[in-house]
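In case you want the letters, here they are:
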Amino acid sequence: MYDQIITIERHIIEQQRSYPEATGVFSALMYDIALAAKIIAREILRAGLADILGVAGKVNIQGEPQMKLDVFAHETMVRMNSFTGRLAVMASEEEEEIIPVSDEYGTGKYVLVFDPLDGSSNIDVAVSVGTIFAIYRRLSPKGPGVLEDCLQSGRYLVAAGYVLYGSSTVMVYTAGRGVHGFTLEPSLGEFLLSHPNIRIPTRPKYYSINQGYQEYWSEGTRQFTGWLQGLDRDDPREPLSVRYIGSLVADFHRNLLAGGIFCYPADSRKPRGKLRLVYEANPLAFITEQAGGYASTGRCNILDVQPESLHQRTPLFIGNRELVERAEEFIHSCDE
Ligand code: AHM
Ligand code: MG
């Protein structure tokens, strides 16, 4: 029975074997991220207890006062990856500028970008949140990494993944050879392979969009959503169910496993959308493509967009390919 149990470490090592030139640095980096995720997961579980147990007034393991969870998640990712010698530079949604790594142990060839705790406003109401991460190879030749290392288009991603802190803690990643999901076994403290080779189901079930903002949408988004609801008289279809948690990782994960589309369009209040290209859209786009789906700005493939700044926003349509392509068609014909 136990030979059926595949820990994330074993899985990463086995994947590494299929790359004869691999040095093990990438595998170690993935394991560093998994460890950071476990630390963040543990803290999130106790989040609702902070007031009644007085956790907020306590000091943490480093002897510092407890911080807000998104700051804690950010600090954890930075701390777990600063001194490994595996990275050239990092960037986080929680920090304005790039994050240099200590060169005490030398700098490495990889670049790590992440959203440490996406949807953190949901924590107060005990709703799922997530961490999103992506790994590139550095462009700069050596020494401390530079901004340009972090501003690569999604086409150059080496790996991407997310951790969903939900009813269970799940880590999903791709290194360009399929998408694999692991569930945290809390008593062992190990991520165990639970979702090998995830493929987005061909028959979609859900669409996810903040319908409350309808009055700000473009005509293309409006008509596309009507089509998803089966309201297009010229092209009727079975309506999809709507699901919207308002926590990107949770919405994305559900649609990846069940089939469907998640949309955060540009609208009259947010002409560039809300979500971040570098920390949110690109990693999830890479995962989607690896799972047989597609991600678009509504006009072009997310992975082809050259980021111009770290915190750049983008509209996002992501999920089953035929749905996302349909969104592009509506936007193209109605919004030009
Ligand atoms: P955040 O990075 O400030 O946490 O915001 C991102 C979140 C996503 O998780 C979610 O998809 C989106 O914001 C929801 O936004 P809205 O409330 O406008 O629908
Ligand atoms: Mg975010």
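Each remark here, short or long, concerns the structure printed above.
Residues numbered from 1 in each chain as written. Chains lettered and ligands numbered in written order. Predicted model: local features only at pLDDT ≥ 70, side-chain atom pairs only at ≥ 80, totals over all residues. Heavy atoms only, no water.

Caption draft 1: Broad picture of the environment of Ile12. Mapped onto the elements, Ile12 comes out in helix 1 (residues 8–17). With a relative accessible area of 4%, Ile12 lands in the buried category. Separated by 16 residues in the primary sequence, Ile12 and Ala28 place their C-alpha atoms 8.7 Å from one another. For Ile12, the contacting residues outside a window of four places in its chain are Ser27, Met30, Tyr31 and Tyr173. (Helix = DSSP H or I, 4+ residues; strand = E, 2+ residues; numbered from the N terminus. Buried < 20%, exposed > 50% of the residue type's maximum accessible area, 1.4 Å probe, protein only. Contact = heavy atoms within 4.5 Å.)

Caption draft 2: Inspection of the pattern of salt bridges at higher detail. If you walk through the whole model with that rule in mind, you get twelve salt bridges. Of the charged contacts in the structure, one is a salt bridge between Glu219 and Arg222, with a shortest N-O distance of 3.6 Å. Of this pair, Glu219 and Arg222 both sit in helix 6 (residues 219–228), three residues apart, which is roughly one turn of that helix. Under the relative-accessibility criterion, Glu219 is labelled partly exposed at 38%. The exposure class assigned to Arg222 is partly exposed, which follows from its relative accessible area of 32%. (Salt bridge = Lys/Arg side-chain N within 4 Å of Asp/Glu carboxyl O.)

Caption draft 3: Quick look at the coordination of the magnesium ion (ligand 2). Around the magnesium ion (ligand 2), the protein contributes the donor atoms Glu93 (OE), Asp115 (OD), Asp118 (OD) and Glu280 (OE), at 2.0 to 2.5 Å from the metal centre. Counting gaps between the donor residues of the magnesium ion (ligand 2) yields the pattern E-x21-D-x2-D-x161-E. With Glu93 in the loop between strand 1 (87–92) and strand 2 (99–100) and Asp118 in strand 3 (residues 110–118), this residue pair connects regions lying 25 residues apart in the sequence. Under the relative-accessibility criterion, Glu93 is labelled partly exposed at 22%. Overall, the relative accessible area of 8% leaves Asp118 in the buried class. (Donors = N, O, S within 2.8 Å, 3.2 Å for Na, K, Ca; no water.)

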